[in-house]
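# Geometric and topological summary
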There are 2 protein chains.
Amino acid sequence: MNFSFDLHKESCDCKARLGTIHTPHGDIETPVFMPVGTKATVKTMTSGELEEMNTQIILGNTYHLHLRPGHDLVKEAGGLHGFMQWHRPILTDSGGFQVFSLGALRKITEEGVKFRNHIDGSEMFLTPESSMEIQEALGADIIMCFDECAPYPADYEYIKNSMERTTRWAKRCKEAHIREDQALFGIVQGGMYRDLREISARDLVDLDFPGYAVGGLSVGEPLSVMNEVLDYTVPMLPRNKPRYLMGVGSPDYLFEAVIRGIDMADCVLPTRIARNGTAMTSQGRVVIKNASYKRDFTPLDPECDCPVCKTYSRAYIRHLFNTDEILGLRLTTIHNLNFLIKLMEKIREAIKDDCLMEFKDDFYRKYGYNVS
Amino acid sequence: MNFSFDLHKESCDCKARLGTIHTPHGDIETPVFMPVGTKATVKTMTSGELEEMNTQIILGNTYHLHLRPGHDLVKEAGGLHGFMQWHRPILTDSGGFQVFSLGALRKITEEGVKFRNHIDGSEMFLTPESSMEIQEALGADIIMCFDECAPYPADYEYIKNSMERTTRWAKRCKEAHIREDQALFGIVQGGMYRDLREISARDLVDLDFPGYAVGGLSVGEPLSVMNEVLDYTVPMLPRNKPRYLMGVGSPDYLFEAVIRGIDMADCVLPTRIARNGTAMTSQGRVVIKNASYKRDFTPLDPECDCPVCKTYSRAYIRHLFNTDEILGLRLTTIHNLNFLIKLMEKIREAIKDDCLMEFKDDFYRKYGYNVS
């Protein structure tokens, strides 16, 4: 198994950590933000462009790739790495999140989840075993146990049953998973209930996965609730293994997660808001369609040195959005991903220099967040 | 006036020519194909990517840029060059073609054309003088006289009146045009009538423009008709000035134009069919959505060395089109533009080596065109 995690440093003023994850497709410096490439493409971007901006690892979505083009075809193409010509690490989710999002279209049993897919409505069945089979075909470096991401809010009984089933499914995933060159992560569930998180973490740690995700967060709860759950959940996880917070990608959520000991996070947010014309900048969000940018010939973010900010003006990008030009979506996407990747680099620097909390307060002030 | 044309060579077996156009933003080796950047962007492409593929000159559309973002704003941004950050030559059309395409929405008088624009339907008026004013604000290196591109087919009287008015408008354009760093081209009209083309060419040559376009072709007529018109029209134009055929961009039309003495051509075809999933390749067109490419892990064009063909497979690009991913549009666009730009490079090589007709026959055979 060529997967391991080196913990280099723990902050003195918070729980942030500095580490390196070793995978068959290279190393990942943590804390890391992972752009999402749902259907074998980070929307609008080539793999070469992602490399140029120092993207260390990307995500693929098992559910979508299973439907189109099909995991067999991806396997034939040399796995996701060969298919999309991305030669650095990849993580695939389990398919669970998308399947559970289908709401009324799916039915959960102990065996797995029966659902009608969103493309042609035909009935499909996903189980811990089939999720492993698909993820092995996709060939990511890190793969995830098939879990239920429970809704928020949900009552204690629902979350308890769901969490216990997720743990039983995790055991089945571990038994079904064969490929030695993939690290299978467990996912801690338990909603916003501390005792359920404790049981989930304890049972999954017993199964000795090479890494752990905290699931069921960033599902609509306030940031303070997420922080509270992380405050008690992260310390239940092994110190010497990477910790992955699923579905988080705004600067404040990333900061709050990192200072609570999270090493990895992913989210469609930076790329999705980019395509709606919103840029993340050092001074907060810029909604590029606003009339105030019509004759603004400065860059999206004057403090940014990404290829977009070095070249194009707000007025030009605004024009592209107003005239439905694809280049507009590309430019804001490139900028937002650069912004988050650079932010994580600065966060790693700050951990190294023992000044993360200071850096966070400075960032919050400029971005327009409340400084607690 | 820093615009000039050097004629290096004329073919012995056809009328093809090798030349260099000198402009304030650099030189252009001819014959040249010019990608179209309607709204200050060659759709899906950054200016940097266009440079990397050795694009020598691009087009901008006066009508579209006048409407959005407005030529005043573009002027403030440093002209089209500054606005879109493209530092090589640009040519703008006169706005006439788009205005005449509006059909029932426009009314032609001696003074100019009254029309309702396609964005908000408000009434606008375009004249030779306002076309010059807009094109001067846009700041292209080569600008075009305001002309009527008459429909096909059209009767003799209509074409005669239209052509004569176009010539009167050309005089007004010449008088209105001030900027010394822009070359104003005349446009020969006259439909498919030899005597009208003769009158048009004679009168425009008298006005001594630094370059001439052949307009009113590629409007739905068969290739044989275009060839016939070029056969008699091109020799009416001065040998020592560049000749531009408007609206031509398929390989066969480009070959036929070049061997008849055309130096420049433009068309949305390569970028438009790219976005529909059609690639131009050395073996003819590839319609990437076809089921036969589902498991085809070879490049779009095995003989192409563009960044797309060096990296991605037909199966991957097909998947991107099937899942509506923007990257698909980008990859076929990059490939098609590369294909035409490389084709023009090879055509220039063949003229130099006195083997253009041979090269053309070889190309036609492989591409699937009839060899005449």
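Note that the structure is a prediction, hence the values are computed from the model and not measured. (Residues numbered from 1 in each chain as written. Chains lettered and ligands numbered in written order. Predicted model: local features only at pLDDT ≥ 70, side-chain atom pairs only at ≥ 80, totals over all residues. Heavy atoms only, no water.)

## What to know about the side chain of threonine 127 of chain B
Structurally, threonine 127 of chain B is set in the loop between strand 9 (123–126) and helix 6 (128–138). Leaving out residues up to four positions away in the same chain, threonine 127 of chain B has contacts with Glu111, Gly112, Phe146 and Arg172 of chain B. (Helix = DSSP H or I, 4+ residues; strand = E, 2+ residues; numbered from the N terminus. Contact = heavy atoms within 4.5 Å.)

## Details of the relation of the copies chain A and chain B
For the match of chain A to chain B, the screw axis carries a shift of 0.0 Å, the RMSD comes to 0.0 Å, and the turn is 180 degrees. Here the symmetry operator amounts to a two-fold rotation axis. No C-alpha of chain A approaches the rotation axis more nearly than that of isoleucine 326 of chain A, which lies at 3.9 Å. Interface overlap between copies: 100% of the residues of chain A at the interface are likewise at the interface in chain B, consistent with a symmetric, same-surface contact. (Least-squares fit on C-alpha atoms with pLDDT ≥ 70 in both.)

## Focus: unusual backbone geometry
Residues and elements named next belong to chain A. With an omega of 5 degrees, the peptide bond between threonine 30 and proline 31 qualifies as cis. The residue proline 31 is located in the loop between strand 3 (26–30) and strand 4 (32–35) in this model. The amide bond that connects arginine 68 to the next residue, proline 69, takes the cis arrangement and shows omega of 5 degrees. Following the sequence through the fold, proline 69 ends up in the loop between helix 2 (62–67) and helix 3 (71–76).

## Considerations on the interface of chain A and chain B
If you look at the interface, chain A gives 36 residues, while chain B gives 36 residues. Between chain A and chain B lies a buried interface of about 3,200 Å² when both sides are counted; carbon and sulfur atoms form 59% of it. Seen at the junction of chain A and chain B, the total is eight salt bridges. Linking chain A with chain B are 18 residue pairs in polar contact (both at pLDDT 80 or more). Sorting the residues of the side of chain A that touches chain B by element identifies helix 1 (47–52), helix 3, helix 4 (79–84), helix 12 (314–322) and helix 13 (326–352) of chain A as the ones contributing at least two each. For the side of chain A that touches chain B, the class distribution of residues is 16 nonpolar, ten polar and ten charged. (Buried area = accessible area lost by both parts, 1.4 Å probe. Salt bridge = Lys/Arg side-chain N within 4 Å of Asp/Glu carboxyl O. Polar contact = N/O pair within 3.5 Å; in protein donor to acceptor, adjacent residues only side chain to side chain. Nonpolar A, V, L, I, M, F, W, Y, C, P; charged D, E, K, R; others polar.)

## Focus on the packing of aromatic side chains
The relative placement of two aromatic rings is captured by the distance of their centres and the angle of their planes. Residues and elements named next belong to chain B. Considering all chains together, one arrives at 30 aromatic pairs over all chains under this definition. For the pair tyrosine 156 and tyrosine 193, a centre-to-centre distance of 5.2 Å together with 80 degrees between the ring planes defines the contact as edge-to-face. In this pair, tyrosine 156 sits in helix 7 (residues 156–176) while tyrosine 193 sits in the loop between strand 11 (183–188) and helix 8 (194–206), placing the two residues 37 residues apart along the sequence. Taking the relative accessible area as the measure of exposure, tyrosine 156 reaches 30% and is therefore partly exposed. (Phe/Tyr/Trp six-rings, centres within 6.5 Å; stacked < 30°, edge-to-face > 60°. Buried < 20%, exposed > 50% of the residue type's maximum accessible area, 1.4 Å probe, protein only.)

## Details of helix 8 (residues 194–206) of chain A
All names here are of chain A. Between its first and last C-alpha atoms helix 8 spans 18 Å; for 13 residues at 1.5 Å apiece the expected length is 18 Å, and the two agree. Among the residues of helix 8, those classed as buried are Leu196, Arg197, Ser200, Ala201 and Leu204. For helix 8, the angular spread of the buried residues around the axis is 130 degrees, confining them to a single face. Those residues of helix 8 that are buried lie in contact with helix 7 (156–176), strand 11 (183–188), strand 12 (212–214) and helix 9 (223–233). In the segment just after helix 8, aspartate 208 is the residue with positive phi, at about 60 degrees. (Expected span 1.5 Å × (residues − 1). Arc of directions from axis to C-beta.)

## A look at the packing of helix 9 (residues 223–233) of chain B against helix 10 (residues 251–258) of chain B
All names here are of chain B. With their axes 10 Å apart at the nearest point, helix 9 and helix 10 run at an angle of 20 degrees to one another. Taken together, the axis directions place helix 9 and helix 10 in an arrangement best described as roughly parallel. The element helix 9 and its partner helix 10 pack so that their crossing is right-handed. Seen from helix 9, the contacting residues are Leu223, Met226, Asn227 and Leu230; seen from helix 10, they are Asp252, Tyr253, Glu256 and Ala257. Here the contact of helix 9 with helix 10 is composed, by residue class, of five nonpolar, one polar and two charged. (Axes fitted to C-alpha atoms, helices over the stretch in contact; angles between N-to-C directions. Parallel < 35°, antiparallel > 145°, perpendicular 65-115°, else oblique. Left-handed = near helix turned anticlockwise from the far one by under 90°.)

## Regarding the environment of valine 42 of chain B
Structurally, valine 42 of chain B is set in the loop between strand 4 (32–35) and helix 1 (47–52). Dropping the residues within four chain positions of it, valine 42 of chain B is found in contact with Pro35, Val36, Gly37, Leu50, Ile58, Thr271 and Leu337 of chain B.

## Regarding the sheet that holds strand 2 (residues 17–23) of chain A
All names here are of chain A. Read across the sheet, three strands follow the order 1-2-3 without closing on themselves; strand pairing throughout is antiparallel. The two strands at the open ends of the sheet, each matched to only one other strand, are strand 1 (4–10) and strand 3. Neighbouring strand axes in the sheet, compared pairwise and without regard to direction, differ in orientation by 15 degrees on average. Sheet analysis places strand 2 next to strand 3, joined by five bridges and oriented antiparallel. Residue pairing for strand 3: threonine 23 is matched across the bridge by glycine 26. (Pairing = 2+ DSSP bridges.)

## A word on the pattern of salt bridges
The full count for this structure, using the stated rule, is 54 salt bridges over all chains. Between aspartate 296 of chain A and arginine 314 of chain A there is a salt bridge, with the nearest N and O atoms lying 3.1 Å from each other. Pair noted here: aspartate 296 of chain A is in the loop between strand 16 (284–287) and helix 12 and arginine 314 of chain A is in helix 12, with a separation of 18 residues, a long-range link. For the pair aspartate 296 of chain A and arginine 314 of chain A, one class covers both residues: buried. Taken together, the salt bridges that share partners define one network made up of Glu49 and Arg330 of chain A together with Glu49 and Arg330 of chain B.

## Here we look at the layout of surface pockets
If you roll a probe as big as a water molecule over the atoms, it shows you where there is empty space left. Put simply, the largest pocket is a space of about 920 Å³. If you go around the largest pocket, you meet 40 residues; those closest to its centre are Glu49, Glu52 and Arg330 of chain A together with Glu49 and Glu52 of chain B. At the level of elements, helix 1 and helix 13 of chain A together with helix 1 and helix 13 (326–352) of chain B are the ones that each hand at least two residues to the lining of the largest pocket. With seven residues, helix 13 of chain A is the single largest residue contributor to the lining of the largest pocket. Across the lining of the largest pocket, the residue classes tally to 15 nonpolar, 13 polar and twelve charged. (1 Å grid on protein atoms, 1.4 Å probe; cavity = no way out; pocket = protein on both sides within 12 Å on 5 of 7 lines; lining within 4 Å. Points joined across faces, edges and corners; volume = space filled by probe spheres on them.)

## Some thoughts on the sheet that holds strand 8 (residues 113–116) of chain A
Residue and element names in this part refer to chain A. Strand order in this open sheet of three strands is 7-8-9, and the pairing throughout is antiparallel. Across the chains shown, the open sheet's two edge strands, defined by having one partner strand only, are strand 7 (106–108) and strand 9 (123–126). Averaged over neighbouring strand pairs, the angle between their axes works out to 15 degrees when direction is ignored. In this structure, strand 8 lies alongside strand 9, joined through four bridges in antiparallel fashion. Bridge assignment links lysine 114 to a residue of strand 9, and that residue is phenylalanine 125.

## A short note on empty space enclosed by the protein
Residue and element names in this part refer to chain A. Counted by the stated rule, this structure contains three cavities of 30 Å³ or more. One number sums up the size of the largest cavity: a volume of about 50 Å³. Around the largest cavity, the lining residues are Val32, Phe33, Asn54, Gln56, Ile341, Met344 and Arg348. For the lining of the largest cavity, the secondary structure elements donating two or more residues are strand 4 and helix 13. It is helix 13 that provides the largest number of residues to the lining of the largest cavity, a total of three residues. Class assignment for the residues of the lining of the largest cavity results in four nonpolar, two polar and one charged.

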